[in-house]
Amino acid sequence: MNGDVNGDANGDVNVNDGGLGDLPPDLLRGLTQPRVSRRAALKFGGLSALGMALSACSIAGTKGKGGNLGGQAWREQIATYWSQQKKKGHLDFENWPLYMDVGKKSSDHPSLDLFTKQYGISVSYHEDISDNSSYYGKIAPVLSAGQSIGADIIVITNGFELENLFERDWLLPLDQSRMTNFYKYSSDLVRDPSYDRGNIYTMAWQSGITGIGYNPKLIGHEITGWKDLLDPKLSGKIGMFNNSDDIASAAMCALGIDPEASTPSDWKKAADWLKKQRPLVRKYYDQSYADALAKGDLWATMAWSGDIFLKQADNPDLKFVIPEEGGIIWTDNMCIPVHSQHPLDAMIYMDYVYQPKIAAMLADYINYITPVSAVQPIFEKEAKDATTKDDKAYYTNLASSPLIFPKPADFARLHRYRVLPSTERKAWNALFEPIYQS
């Protein structure tokens, strides 16, 4: 991206409300209605055991999700905690691969370099998260023992693992007073989400869509929905994901069921749909599905929107579609784990990336749904000011891509994951894990 970046995010873009105010009513309801879970039922009643053990200062435990549920005493203790934190000039950041802008060398990250130059905070950046489940399995024993995991920012998708971090008091409530850019520029999609009312613990990194990626040249026709992944003609050429949140949600969408509002009887129907499909599936994939699709090993597959956008550079025949029966929208969230060694430095960074020009640097490389809608006019201006035909085409493509800036009609077909308290997760896993693990 061109231009200097100022710490006050004064930018060239006029943003009134963060954008997405015209989301369809059904999606808005899903984003704004509170979830009923174990943590929401636990009213504030003093310090939790973990909260008592926090050594940085006497911050109250987070049972009750803070905010109105936590009560005035809880909020005052959170404010006291943050008032005692000092900038230490360093932070440790653990993220997913290909989720940070890259310079001339793969080890260069221009937006991180600008952050260090502007705030005097160095960043140790590690791509240590390959999937939510294995990463959670790695950090849970450490957090349970009351120890630091050595990271100040982690990026976790809304779902079971994030829910467990909430329930076990393993995330620090954020300092709302230091979220200026967030509240000025964040889109409606990521502000006050149903899985974290009031953004007590999370600020979105990027969002994405789970839909279908396919190659129409190999298939011989267009794909329009999940029903196409039951076509016997595609036997051995279909890919599905190896995680229960995505495959269960996809199957429920195929059956006309809203995953977020689903019941155990709905889960059984979804499992039956997946069992029927299983003989046609080549493999249940992690992120390696994208390479298999680009090479032609797969003709159609469950896919994450940003992956297909990137792979189109290698194989322009590839397409991504939000299935007509519905797709899934998810958000990867920045969080601060308890026992963070540099929490204030983490807060400064998390708000820093909500400056539109910084968000544009990230979106330019990551190609997922940016949490800052003011990025779109920045790309439009880049296209207008481009001095070469290639640059103009590149930024025009970014600015118009529905994979980065979905339209209201796209959002109308999207659903959130089911929020699964630990009491329900055993039954869920018993239905879906055998399908992709056997």
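Please refer to the structure placed before this passage.
Just so we're clear, the structure is a prediction, and the values are computed from it rather than from any experiment.

Undergrad: Could you give an account of the pairing of strand β9 (residues 327–335), with specific residues and numbers?
TA: Of all nine residues making up β9, nine are buried, and the element is well covered by its neighbours. Residues G327, I329, T331, N333 and C335 of β9 are buried on one face, and the alternating residues I328, W330, D332 and M334, pointing to the opposite face, are buried as well. Two elements, strand β3 (residues 153–157) and β9, share four bridges in a ladder whose sense is antiparallel. Residue pairing across strands places T157 opposite D332, the latter belonging to β9. Direction of pairing for strand β4 (residues 203–214) relative to β9: antiparallel, over a ladder of seven bridges. If you follow M203 over to β9, its bridge partner there is M334. Pairing between β9 and strand β10 (residues 414–415): two bridges, direction parallel. Within β10, the position partnered with G327 by the bridge is L414.

Undergrad: Account for helix α11 (residues 264–277), naming residues and giving values.
TA: Taking 1.5 Å as the rise per residue, α11 with 14 residues should run 20 Å; its terminal C-alpha atoms sit 20 Å apart, in good agreement. Where α11 is concerned, the buried positions are D266, W267, A270, A271, W273, L274 and Q277. Here the buried residues of α11 occupy an arc of 160° about the axis, which is enough to place them on one side. Seen from the open side of α11, the exposed residues pointing more than 90 degrees away from its buried face are K268 and K276.

Reading the values: the criteria
- All residue numbers here refer to positions counted from 1 along the written sequence of the relevant chain.
- Local features in a predicted model are, by the rule used here, given only for residues with pLDDT of at least 70; side-chain atom pairs are given and counted only at 80 or more, and totals for whole chains, interfaces and linings are based on all residues.
- Heavy atoms throughout the structure, all of them, feed into the side-chain values; hydrogens and water do not.
- Burial classes follow relative accessibility: with a 1.4 Å probe on protein chains only, a residue under 20% of its type's maximum area counts as buried, one over 50% as exposed, and anything between as partly exposed.
- Each helix is a run of DSSP H or I of at least 4 residues and each strand a run of E of at least 2, with the numbering of both proceeding from the N terminus.
- The rule for pairing is simple: two strands pair if DSSP sees at least two bridges between them.
- The span expected for a helix works out to 1.5 Å for each residue beyond the first.
- In this description, one arc is meant: the one made by directions from the helix axis to the C-beta atoms.

Take it as geometry only, folks, not as evidence of what the structure does.
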